[in-house]
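Remarks on the overall topology
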Amino acid sequence: MKEYIKIHEKDNVLVAIKEIAKGQTVSLDDKEIVAMEVIPAGHKMALTEIPAGTGVMKYGSCIGNATEDLKPGQWVHTHNVKTALGDLLEYSYQPVDTDLSPMEEETFMGYRRPDGKVGVRNEVWIIPTVGCVNAIGTAMAKAANQALDTDKIIAFQHPYGCSQMGEDEENTRTILADLIHHPNAGAVLVLGLGCENSNIDVLKSYIGEYDANRVRFLVCQDVEDEMEAGAKILEELHAYISTFKREPIGVSELIIGLKCGGSDGFSGITANPAVGKFSDLIVRQGGTTILTEVPEMFGAETFLMNRCENTQLFEETVKLINDFKQYYKDNNQTIYENPSPGNKKGGITTLEDKSLGCIQKSGSAAVKGVLAYGQRVQTKGLNLLSAPGNDLVASTALASSGAHIVLFTTGRGTPFACPVPTVKISTNSNLAGRKSNWIDFNAGVLVEDQDMETTARALFDYVIKVASGEKVCSEKAGLQDMAIFKKGVTL
């Protein structure tokens, strides 16, 4: 196992793979450096003198400026580095070569829907129009699963649908309509109360055309016994989804969401670049990936902007970034105070540090599309999606935009799952071993001498298995979550 790594030739810090003891000698670049203090695993140590006010280089880019004169062997972290980023910026388009050679398309076993769409699960979803019926939906799902001896009926919960205004109200209706159309749901029961702002009649204008065999509606205030009425509908919908069978489908029809959470110092070295290589494999076969969490692009956004296929996409990406920065400013919040306590404990020092690791998930493909929050993906290839960094909100946004599966890299671990299968990818083997009930794939092997091509291919093969029906840890545990982006007041 490697003990430390210098990621890029331009870097003036290394990253400790294992804890480096005070007084330990590190040999790198034909030099020997003695550690002046303990360097925790995932954290950085100075390789050269770094004068105060000059850049700390990691990934070949500046991750912040030293706040004091740093000496070789010194621990480099939040106590002696600060962000070098500004607020709203002007950008220039400097396109780079993003050509990826096409690959022979492989297949997975999925469900072909009557409208031509493809799903990787065949479930009945109960979608509440308002939080008031959350508990009713959950009770309906539990009773129906017991009565029908199945686990395919899933009720989602959210606290919205009423007492909202403006953009918040639009977001709720848009996300609910997106999920109602999601092809992982073979059938959907839309469950309303009756007096809410986003009631079923209102929501239907957002849903648009739908298959009456697949989508059913129930207003609880309109029936004497909503549990009895719901049970009858769910029995019929379960019978309907039973008519679908898995069949071979090309990878070009897969849509995969890319997300990270609870990052650590290994995220940009192991799990995120492995997901990036995976993304390239999907794109090379004609498939689609979606990268989100815009605040975690700050500081690394130019790498994505210059990979945009054309000037229009570049301008849309600039707007994506600056609109989110303006959202922070409008709410009197600091744009660059992003790394969480867990991130910092794991070795992430600044937002630049986090972002440069975060965008590794995008691989090297050209940006083919830029999506607004709640917008469903239309263009194959790599897409960027507007959503915050919050794990539940961003992952739900990915599912709402059409992702069949979300790949979620983590150095700290988390049990949550969004409405679609959520593959947890650990950045280190310690986490994978300790939380095997949470972690589906271990990318920590990349610092244990397994090469990137082997790891990315193993991840690709695993995702194909998940797309073909293999359950991930959160599915086995019966965990499903959804969260909708809220910006404004609650009435």
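Look up: the structure comes first, before these words.
One structure accompanies this document, and this report is about it. Note that this is a predicted model, so its numbers are computed, not measured. (Residues numbered from 1 in each chain as written. Predicted model: local features only at pLDDT ≥ 70, side-chain atom pairs only at ≥ 80, totals over all residues. Heavy atoms only, no water.)

Looking only at helices and strands, the chain has 13 helices and 23 strands in total. Computed over the C-alpha atoms, the radius of gyration of the chain is 24 Å, within 12% of the 23 Å expected from 2.2 N^0.38 for a compact globule of 491 residues. Classification of the 491 residues of the chain by burial places 56% in the buried group. Here the analysis covers contacts within the chain between residues at least 6 apart in sequence; of these, 71% occur between residues at least 24 apart. Of the roughly 19600 Å² of accessible surface on the chain, 49% is carried by carbon and sulfur atoms. (Helix = DSSP H or I, 4+ residues; strand = E, 2+ residues; numbered from the N terminus. Rg over C-alpha atoms; globule rule 2.2 N^0.38 Å. Buried < 20%, exposed > 50% of the residue type's maximum accessible area, 1.4 Å probe, protein only. Contact = heavy atoms within 4.5 Å. Areas by Shrake-Rupley, 256 points an atom, 1.4 Å probe, with all protein chains shown as cover.)

Residue pairs spaced three or four apart in an α-helix point in one direction, given the helix's 3.6 residues per turn. Burial runs high along helix H9 (residues 351–358): eight of the eight residues are buried. All of the buried residues along H9 are Leu-351, Glu-352, Asp-353, Lys-354, Ser-355, Leu-356, Gly-357 and Cys-358.

With that out of the way, let us pick up the pattern of salt bridges. Counting across every chain of the model gives 22 salt bridges. Each of the salt bridges in this network shares a partner with another, and the network as a whole consists of Lys-259, Glu-293, Lys-361 and Asp-391. (Salt bridge = Lys/Arg side-chain N within 4 Å of Asp/Glu carboxyl O.)

Turning to the nonpolar core, a few remarks are in order. With 102 residues, the main nonpolar core has Ile-405, Leu-407 and Ile-425 as its most contacted residues. Sequence-distant contacts of Leu-407, defined by excluding residues within four places in its chain, comprise Ile-256, Gly-257, Leu-258, Lys-259, Val-275, Phe-278, Val-423, Ile-425, Leu-459 and Val-463. The next biggest cluster of nonpolar side chains, apart from the first, holds 22 residues, and it includes Ala-187, Leu-191, Leu-234 and Phe-244. (Core = buried A, V, L, I, M, F, W, Y, C linked by side-chain atoms within 4.5 Å.)

We now examine the packing of helix H1 (residues 134–148) against helix H4 (residues 226–241). Running from amino to carboxyl end, H1 crosses H4 at an angle of 55°, the nearest separation of the two axes being 10 Å. One element, H1, and the other, H4, form an angle in the oblique class. Between H1 and H4 lies a crossing of right-handed hand. Residues Ile-136, Ala-139, Met-140, Ala-144 and Leu-148 of H1 form the contact with H4, whose own contacting residues are Glu-226, Met-227, Gly-230, Leu-234, Glu-235 and His-238. (Axes fitted to C-alpha atoms, helices over the stretch in contact; angles between N-to-C directions. Parallel < 35°, antiparallel > 145°, perpendicular 65-115°, else oblique. Left-handed = near helix turned anticlockwise from the far one by under 90°.)

Strands sit in the order S1-S2-S5-S8 across an open sheet of four strands; the sheet is antiparallel. The open sheet has two edge strands, strand S1 (4–5) and strand S8 (75–76), and neither has a second partner. Direction of pairing for strand S2 (residues 13–16) relative to strand S5 (residues 44–46): antiparallel, over a ladder of three bridges. Across the sheet, residue Val-15 finds its bridge partner in S5, namely Lys-44. (Pairing = 2+ DSSP bridges.)

Looking now at the state of the cysteines. Across all of its chains, the model carries zero disulfides by this definition. The closest cysteine sulfur to the non-disulfide-bonded Cys-132 is located on Cys-162, 6.5 Å from its own sulfur. On the basis of relative accessible area, Cys-132 is assigned to the exposed category, the value being 57%. Just so you know, Cys-162 is unpaired, no disulfide at all, and the nearest cysteine sulfur is the one on Cys-195, 6.4 Å from it. (Disulfide = S-S within 2.5 Å.)

Judged by pairing direction, the sheet is antiparallel, and its three strands sit side by side in the order S11-S10-S16 without closing on themselves. Strands at the two margins of the open sheet, each flanked by one partner only, are strand S11 (118–119) and strand S16 (247–250). Sheet topology places strand S10 (residues 107–112) next to S16; four bridges connect them, and they run antiparallel. Each bridged residue has a counterpart across the sheet, and for Met-109 the counterpart in S16 is Pro-248.

Moving on to H4. With 16 residues, H4 extends 22 Å between its outermost C-alpha atoms, agreeing within 8% with the 22 Å of an ideal straight helix rising 1.5 Å per residue. Next to the buried residues of H4 lie strand S12 (123–128), H1, strand S13 (153–155), strand S14 (185–192) and strand S15 (215–219). (Expected span 1.5 Å × (residues − 1).)

As a further point, take the pairing of strand S22 (residues 422–426). Among the five residues of S22, five are classified as buried, and the element is accordingly described as predominantly covered. Along S22, one buried face is formed by Thr-422, Lys-424 and Ser-426 and the opposite face, lined by Val-423 and Ile-425, is buried too. For strand S21 (residues 405–410) and S22, the ladder comprises five bridges, and the chain directions are parallel. Bridge pairing links Thr-409 to Ile-425 in S22. With two bridges connecting them, S22 and strand S23 (residues 441–442) associate as parallel partners. Paired with Ser-426 across the strands is Asn-442, a residue of S23. Regarding topology, helix H11 (residues 429–434) serves as the crossover connection from S22 to the parallel S23, and that connection is right-handed. (Right-handed = clockwise from strand over helix to strand, strands pointing away.)

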